[in-house]
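Residue-level structural notes
Given next are the chains, with one letter for each unit.
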Amino acid sequence: MSRPAHRRPECHKINKDLFVLTYGALVAQLCKDYEKDEDVNQYLDKMGYGIGIRLVEDFLARSCVGRCHSYSEITDIIAQVAFKMYLGITPSVTCNNSSRNEFSLILDKNPLVEFVEELPAGRSSLCYCNLLCGIIRGALEMVHLAADVTFLQDRLKGDSVTEIGITFLKKRDEKKYRRKK
């Protein structure tokens, strides 16, 4: 028996509600395991980083995006393609400085907090969705872009929006990426 030559790879999808509830159970268990919010935040970031370094291969294979030539182009791809592909949302992007290496992703809707009304009592410094920061940081590192990714604002903490800050740490060497004629 042979396989058809032009067969599309299978995409396994899980129910969004199941994913969100499972993530909530994970965060709840981490809160039980660790006394300090900083430890939970660090663990979520570490988990996200591990996911990001693996997820970037899937993203590049499925999205067919080309080479990016600026930090703003990279951030737009993260917002418009990656977030849409994996979370079903499209955050807006803003640039935060004149050197164009600091950006914010503003999420009008965060699917990971769909069933969360507020942070647990005594957990005011918990970054509930810190997994997302680790995923972005890990994926960027796998394409040789060092970045600092943090939550700047969070609706669960009473802010008006959820905002993820991305600061690219190395200045891109534009000469390196120019084609030789």
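Preceding block: the structure.
Treat the numbers as computed from the prediction; the structure is a model and nothing was measured.

Describing the environment of Val27
- As for its placement among the helices and strands, Val27 is situated in helix α1 (residues 16-33).
- Classification of Val27 as buried rests on a relative accessible area of 2%.
- C-alpha of Val27 to C-alpha of Asn41: the two residues are 14 residues apart in sequence and 9.5 Å apart in space.
- Setting aside residues no more than four positions away along its own chain, Val27 makes contact with Leu44, Leu126 and Tyr128.

Quick word on helix α2 (residues 37-63)
- By the largest-angle criterion, Leu55 marks the main kink of α2, which is about 35°.
- Of the surrounding elements, those touching the buried residues of α2 are α1, α3 (71-87) and α4 (130-142).
- The positive-phi residue at the C-terminal boundary of α2 is Cys64, with phi of around 60°.

A closer look at unusual backbone geometry
- The phi torsion at Cys64 lies on the positive side, around 60°, for a residue other than glycine.
- Within the fold, Cys64 resides in the loop between α2 and α3.
- The backbone phi angle of His144 is positive, close to 65°, even though this residue is not glycine.
- With respect to the secondary-structure elements, His144 resides in the loop between α4 and β3 (147-153).
- Note on His144: relative accessible area 66%, which makes it exposed.

So, the nonpolar core
- Membership of the largest hydrophobic core comes to 36 residues, with the highest contact counts inside it found for Leu105, Ile136, Leu140, Ile164, Ile166 and Phe168.
- At the level of secondary structure, the elements contributing two or more residues to this core comprise α1, α2, α3, β2 (102-107), α4, β3 and β4 (162-168).
- Here this core gets six residues from one element, more than from any other, and that element is α4.

The rules behind these values
Residues numbered from 1 in each chain as written. Predicted model: local features only at pLDDT ≥ 70, side-chain atom pairs only at ≥ 80, totals over all residues. Heavy atoms only, no water. Helix = DSSP H or I, 4+ residues; strand = E, 2+ residues; numbered from the N terminus. Buried < 20%, exposed > 50% of the residue type's maximum accessible area, 1.4 Å probe, protein only. Contact = heavy atoms within 4.5 Å. Bend = angle between axes of the 7 residues up to and from the residue. Core = buried A, V, L, I, M, F, W, Y, C linked by side-chain atoms within 4.5 Å.

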